[in-house]
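A look at the structure
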Amino acid sequence: MLDATTRSGGTATASPRAAATELAVAVPAPPGPSARVTRVLLSPWSRLSLLVVLLAAAASTVLLYEPQRLLAHGLPPQFGGAAAAVVFAAAYGLCSVAFVPRPLLNLGAGALFGSQLGTGAALTGTVLGAGIAFGLGRMLGQDALRPLLRGRLLKAADGQLSRHGFRSMMAVRLFPGVPFWAANYCAAVSRMGWVPFLLATALGSIPNTAAYAVAGARASSPTSPAFLIAMALIAVPALIAAVVAWRKRHHLRGQ
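First things first, this report covers the structure right here in the doc. (Residues numbered from 1 in each chain as written. Predicted model: local features only at pLDDT ≥ 70, side-chain atom pairs only at ≥ 80, totals over all residues. Heavy atoms only, no water.)

**Some thoughts on the overall build of the protein**
Formally: Secondary structure elements follow DSSP: runs of H or I no shorter than four residues count as helices, runs of E no shorter than two count as strands, and numbering proceeds from the N terminus. With a 1.4 Å probe rolled over the protein chains alone, any residue whose accessible area is under 20% of its type maximum counts as buried; one over 50% counts as exposed, and the rest are partly exposed. Accessible surface area values rest on a Shrake-Rupley calculation with a 1.4 Å probe, where residue burial reflects the displayed protein chains alone.
Secondary structure assignment for the protein yields 14 helices and zero strands. Scored against the burial criterion, the 255 residues of the protein give a buried share of 32%. Accessible area of the protein: about 15,500 Å², with a carbon and sulfur share of 71%.

Right under this line is the structure:
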């Protein structure tokens, strides 16, 4: 009786049942509903949509609770000292992610805690907020936004941040002009590393942060030398940035 091998020629011939089994193994089963839902939820555009929702919720929360009232009313009586500065630094980081202007937060730090402790709290909050924004942008927005970098200016900015991350971010932090949140998310979309980004943010933010904190601490005496020096340290970098941007405008257009 013949089986899978013919007796005459010795050639192996698979039975219909074996062929059907091999075909069933070769063809992968279609993904189930749960796998398709997971793939959609983890897609780049779904993650970008989640980022937009998170940022909108954060901005709405800030508008609702109005943290700028601390400048007028101060901290509650039960808060004070280093513990209050730590809480303020954490709130500073979250508020900066929610698009609250850093100058307002820096002034508040100086007004609430004085020059030295206020500078430390504001600088800690600056690095914390930058790290949160960078992480959110890197995890939720980079994959969706990188394919959209097609314009000449966008490609030039991306190349500068990717190849010279530390130097570029230091310049952005030292000289005002680019909003804090915009610099964070642009760096996240680029290929800049975590360490250059955070280190440049910490070092480059010291002069501006300290100047605003001192101005906030000495706001009650606007004619004092400390207040005037602080205002000069705020105005001079802004003037330098404006002059550099004006002189580089033709170069940027030709990129």
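**Observations concerning unusual backbone geometry**
Phi is positive for F99, which is not a glycine, with a value near 75°. Here F99 is to be found in the loop between α5 (81-97) and α6 (102-113).

**Some points on helix α10 (residues 180-189)**
With eight of its 10 residues buried, α10 lies for the most part within the structure. Of the positions making up α10, those classed as buried are F180, A182, A183, N184, Y185, A187, A188 and V189.

**Remarks on the nonpolar core**
What counts, and what does not: By convention a nonpolar core is built from buried Ala, Val, Leu, Ile, Met, Phe, Trp, Tyr and Cys residues, the set being connected through side-chain atoms within 4.5 Å. What makes two residues a contact is simply this: any of their non-hydrogen atoms within 4.5 Å.
Counting 13 residues, the largest nonpolar core has F88, Y92, V100, L105 and F113 as the members making the most contacts within it. Elements represented by at least two residues in this core include exactly α5, α6 and α7 (115-145). When residues of this core are assigned to their parent elements, the largest contribution, five residues, is made by α5. Dropping the residues within four chain positions of it, V100 is found in contact with V62, C95 and L105. Formed by 11 residues, the second largest nonpolar core is a distinct cluster that contains A130, F134, F197 and A200.

**What to know about a nonpolar patch on the surface**
Stated precisely, the cut-off is as follows: Residues with no salt bridge and a relative accessible area higher than 30% make up the patches, which join like charges within 9 Å and nonpolar side chains (Val, Leu, Ile, Met, Phe, Trp, Tyr) within 5 Å. In what follows, salt bridge is the name for a side-chain nitrogen of Lys or Arg lying within 4 Å of a carboxyl oxygen of Asp or Glu.
Together, F166, W194, V195, L199, L203 and I206 make up an exposed nonpolar region whose accessible area comes to about 550 Å². Relative to the assigned elements, L203 resides in helix α11 (residues 194-204). A residue is classified by how much of its surface remains accessible, and L203, at 41% relative accessible area, is partly exposed.

**With respect to the environment of G108**
Looking at the element boundaries, G108 is found in helix α6. Separated by 107 residues in the primary sequence, G108 and A215 place their C-alpha atoms 9.7 Å from one another.

**Quick look at the packing of aromatic side chains**
Note the cut-off: Side-chain rings of Phe, Tyr and Trp, where Trp is taken by its six-membered ring, are said to pair if the distance between their centres is within 6.5 Å; with planes under 30 degrees apart they count as stacked, over 60 as edge-to-face, and otherwise as tilted.
Applying the stated criterion to the full structure yields five aromatic pairs. With 5.4 Å between their ring centres and 70° between their planes, F88 and F113 make a pair best called edge-to-face. Of this pair, F88 sits in helix α5 while F113 sits in helix α6; the two residues are 25 residues apart in sequence, bridging distant segments of the chain. Judged by its relative accessible area of 11%, F88 is buried.

**Points about the packing of α7 against helix α12 (residues 206-217)**
What counts here: The axes used here are C-alpha line fits, helices contributing only the stretch in contact, and every angle between their N-to-C directions lies in the interval 0 to 180 degrees. Put simply, angles under 35 degrees are roughly parallel, angles over 145 are roughly antiparallel, angles from 65 to 115 are roughly perpendicular, and the rest are oblique. The crossing is said to be left-handed when, going from far helix to near helix, the turn is anticlockwise and less than a right angle, and right-handed when the turn is clockwise.
In the contact formed by α7 and α12, the axes pass within 9 Å of each other and the chain directions differ by 135°. It follows that α7 is oblique to α12 by the angle criterion. In the packing of α7 onto α12, the handedness of the crossing is right-handed. The segment α7 lies against α12, with S115, G118, T119, A122, L123 and T126 engaging I206, T209, A210, A213, V214 and A217.

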